[in-house]
Number of protein chains: 2
Amino acid sequence: MTVFTLQFDRQIFLGEYWQQQPLLIRGGFADFADPIEAELLAGLAMEEGVDARIIQHHNHQWDVLHGPFADYESFGEANWTLLVQAVNEWFPEVQQLLSAFRFLPDWRLDDVMVSFATDGGGVGAHLDQYDVFIIQGAGRRHWRVGERMSGLTEHCPHPDLKQLQDADFPAVIDTVLEPGDVLYIPAGCPHHGIALEPSLNYSVGFRAPNSAEFLAQIADQLLASDTVYPRYQDPALDSKQAPFFVNPQEVAAVQQLLQQQLASEQGQQAILQVMSQAKRPLPQPDQAIDEQQLLQFAATDMLIGRSPGARILLDTNNQLYAQGERLGYCPDSPARDALLAIWDECPLAECDVLLADQQLRRWTCELLNLGVFYLVQELDED
Amino acid sequence: MTVFTLQFDRQIFLGEYWQQQPLLIRGGFADFADPIEAELLAGLAMEEGVDARIIQHHNHQWDVLHGPFADYESFGEANWTLLVQAVNEWFPEVQQLLSAFRFLPDWRLDDVMVSFATDGGGVGAHLDQYDVFIIQGAGRRHWRVGERMSGLTEHCPHPDLKQLQDADFPAVIDTVLEPGDVLYIPAGCPHHGIALEPSLNYSVGFRAPNSAEFLAQIADQLLASDTVYPRYQDPALDSKQAPFFVNPQEVAAVQQLLQQQLASEQGQQAILQVMSQAKRPLPQPDQAIDEQQLLQFAATDMLIGRSPGARILLDTNNQLYAQGERLGYCPDSPARDALLAIWDECPLAECDVLLADQQLRRWTCELLNLGVFYLVQELDED
Ligand SMILES: O=C(O)CCC(=O)C(=O)O
Ligand SMILES: O=C(O)CCC(=O)C(=O)O
Ligand SMILES: [Co+2]
Ligand SMILES: [Co+2]
């Protein structure tokens, strides 16, 4: 497989650009080789269960069609684009692209959307809620990107499409992307891409839950445990207060109860549990694996890999988390390093340091049974 | 209807007993008249959708049976008790009992459980998570109540019954309750009642959500609104940090996002919305009512009442809440007083101050349509 490495200064990027301002990384990927071809992408968008859209325009009229698509004949030669979500879940070569972005926290990494646009194709000028890196594959697109600014108004030329009212926002980047060029666009920055020829773009997206989503997910984690949680207690009550009146001390008592819960060790663990959860359900193994079977597989040519979207996290107390579960205390060791290093498929037989450690062997089984890891037969390369 | 008034010093109670220590209020209800008869209770427990249990014991063996019950013959003359939840939702006379407890905040008030016990009947020594007032109706029971203490161990003599391992806990109250006597038992205080003869007890319970339940309900309220919530943002990231590592600054950034959400005006509103929600779904009106119909009904002998379990709350900014909805700004006025006063059924025709105010008339319709209020034809008393 290709190793993708993003060539730029991480430290300057993290200090000055990440979540702050857009950046053009010209030639970010040297000799960039597309991890998927347009024909394969079009084929994927014909499958049930794949989230695919076609956006086309015609005399300032916009149309959005949802997949799966039967064929592409009717769309013609120009002014449309096919967008497919989470392509990394279907193509290991696309998943591979994500390795280049592991200078950012794993739990923030979301998925890879791939778009194939014909001449003049694009989604129009718009804003996103997420940070994104857009990698130019085959072909060329003209991109304009502005800084985060106030006064931009959005409208929907089609119920499924939100665009900026004015595509003429002031741009700090206005350029034609060539294969291997990378754009970084922070959440909330206006951007607009138009294909100059049939072309592929790869969008590496980062998730950032909002406060309400995060609260709901944390509450779910807390409720799933059988811990006895502290209950609301009244502040000093006034015998003359009307029963329907809720005074500020009562509201403050609720806030304090909740804030203490979030700040508690359990609250912190629930936060890590939420961070470690994949956005979509992970593919489940056909049957549970035990330690003995694992060791038997290690004597074969079986490969082990990490499922796209799965996260394995470690907190400052060396607690290990994956897929919403707290596995337990896992101090630094070569076996731990081996476990955390599993990302691309690699021969299980080479995981001897990992498999020699009883606790980590157990967790490897647990992670396989959760769908965080998967086992697969090595394919002959030809 | 009977007006129930609890005779005791509220101020001393709130300052020294509420949520702190048990209290015996001898003769709390003077000339107490049972709002329901044992036969009616037994009949109610024969209905689908009523939460009823029978707990019986025999040579230190405990059994729990769940309703609806077909008959009571098989249970014999002694050593069993019938417990029915939320009897106030079925009998307005029992709902009436709750008026006596409106010296406490309405949102804390839960429901009335009624138990009928035969000679020797009881549920065994136990702890509860909730504060409760137990009113002695017909008959007598021997009650022992202890202070909150550590070292009490619980066990389950039956999967559906949790008791204290040791029924001999040190008691601060050890007495025989006579009709009209009231026991107050704070959450977590051991208590044990044994019927000396066929007898009725009324348990007025108070709810106190735990931190995880409260968080989940607040999150639901926030998610139900179409507000754009702030998203997680990374603290300064270290380019040398491993991608799987979550550092304390990241956890703190999540905590801060959530704590700001809870402290925000929207967070405070969500807290009131949760407080104002009934535990069980409210009975829905057959059809929506509009202002014109409401005024027409006011010319008839229709009664208006508040559904058991429904709450109408007012915060310190005069925002009015009911059944999870924020109705809006409602400054002090005679019409507001009239709205908030609706608890027991009263003739709609007498609500002229309320109905003369356009905004409050609208809200009255909204509350009727939410099931917070209901309309009912006056019954001839005979
Ligand atoms: O691929 C495209 O045309 C749109 C990409 C984009 O706007 C994004 O990833 O945010
Ligand atoms: O009515 C009974 O026998 C039990 C009442 C009780 O324990 C309670 O209400 O907490
Ligand atoms: Co975009
Ligand atoms: Co109890």
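Residues numbered from 1 in each chain as written. Chains lettered and ligands numbered in written order. Predicted model: local features only at pLDDT ≥ 70, side-chain atom pairs only at ≥ 80, totals over all residues. Heavy atoms only, no water.

### Observations regarding the relation of the copies chain A and chain B
Here is step 1: Turning chain A through 180° and shifting it by 0.0 Å along the axis lays it on chain B, with an RMSD of 0.1 Å. Such values leave the two copies arranged in the relation of a two-fold axis. Minimal C-alpha separation from the rotation axis in chain A is found for A:Ala216, amounting to 2.8 Å.
Here is step 2: Most of the interface of chain A is mirrored in chain B, where 100% of its interface residues are also at the interface. (Least-squares fit on C-alpha atoms with pLDDT ≥ 70 in both. Contact = heavy atoms within 4.5 Å.)

### Focus on the UniProt feature "domain: JmjC" (unreviewed entry) in chain A
Here is step 1: Annotation from UniProt places "domain: JmjC" (unreviewed entry) at residues 93-223 of chain A.
Here is step 2: Secondary structure over residues 93-223 of chain A splits into 14% helix and 39% strand, and the C-alpha atoms at its two ends are 38 Å apart. (UniProt positions renumbered as here; feature names shortened; annotations may be inferred. Helix = DSSP H or I, 4+ residues; strand = E, 2+ residues; numbered from the N terminus.)

### Some details on the site of ligand 2
Residue and element names in this part refer to chain B.
Here is step 1: All residues adjacent to ligand 2 are Leu83, Met113, Ser115, His126, Asp128, Val132, Ile134, Arg141, Trp143, His191 and Ser203.
Here is step 2: Within the side chain of Arg141, an N or O atom sits 3.2 Å from an oxygen atom of ligand 2.
Here is step 3: One of the side-chain N or O atoms of His191 is found 3.2 Å from an oxygen atom in ligand 2.
Here is step 4: In isolation ligand 2 exposes 290 Å². Once the protein is present, 93% of that is buried.
Here is step 5: Elements represented by at least two residues in the shell around ligand 2 include exactly strand 5 (109-117), strand 6 (131-136) and strand 7 (141-145).
Here is step 6: Per-class residue counts for the shell around ligand 2 are five nonpolar, four polar and two charged. (Near = heavy atom within 4 Å. Polar contact = N/O pair within 3.5 Å; in protein donor to acceptor, adjacent residues only side chain to side chain. Areas by Shrake-Rupley, 256 points an atom, 1.4 Å probe, with all protein chains shown as cover. Nonpolar A, V, L, I, M, F, W, Y, C, P; charged D, E, K, R; others polar.)

### Here we look at the interface of chain A and chain B
Here is step 1: At the junction of the two partners, chain A supplies 61 residues and chain B supplies 61 residues.
Here is step 2: Summing both sides of the interface, chain A and chain B together bury roughly 6,000 Å²; the carbon and sulfur share of this comes to 65%.
Here is step 3: Joining chain A to chain B, the criterion identifies four salt bridges.
Here is step 4: Of the charged contacts in the structure, one is a salt bridge between A:Asp234 and B:Arg108, with a shortest N-O distance of 2.9 Å.
Here is step 5: There are 27 residue pairs in polar contact (both at pLDDT 80 or more) connecting chain A and chain B.
Here is step 6: Listing elements by their share of the side of chain A that touches chain B, those giving two or more residues are helix 1 (10-17), helix 4 (211-224), helix 5 (248-263), helix 6 (265-275) and strand 15 (312-314) of chain A.
Here is step 7: At eleven residues, the largest contribution of residues to the side of chain A that touches chain B is made by helix 5 of chain A.
Here is step 8: Split into classes, the residues belonging to the side of chain A that touches chain B amount to 38 nonpolar, twelve polar and eleven charged. (Buried area = accessible area lost by both parts, 1.4 Å probe. Salt bridge = Lys/Arg side-chain N within 4 Å of Asp/Glu carboxyl O.)

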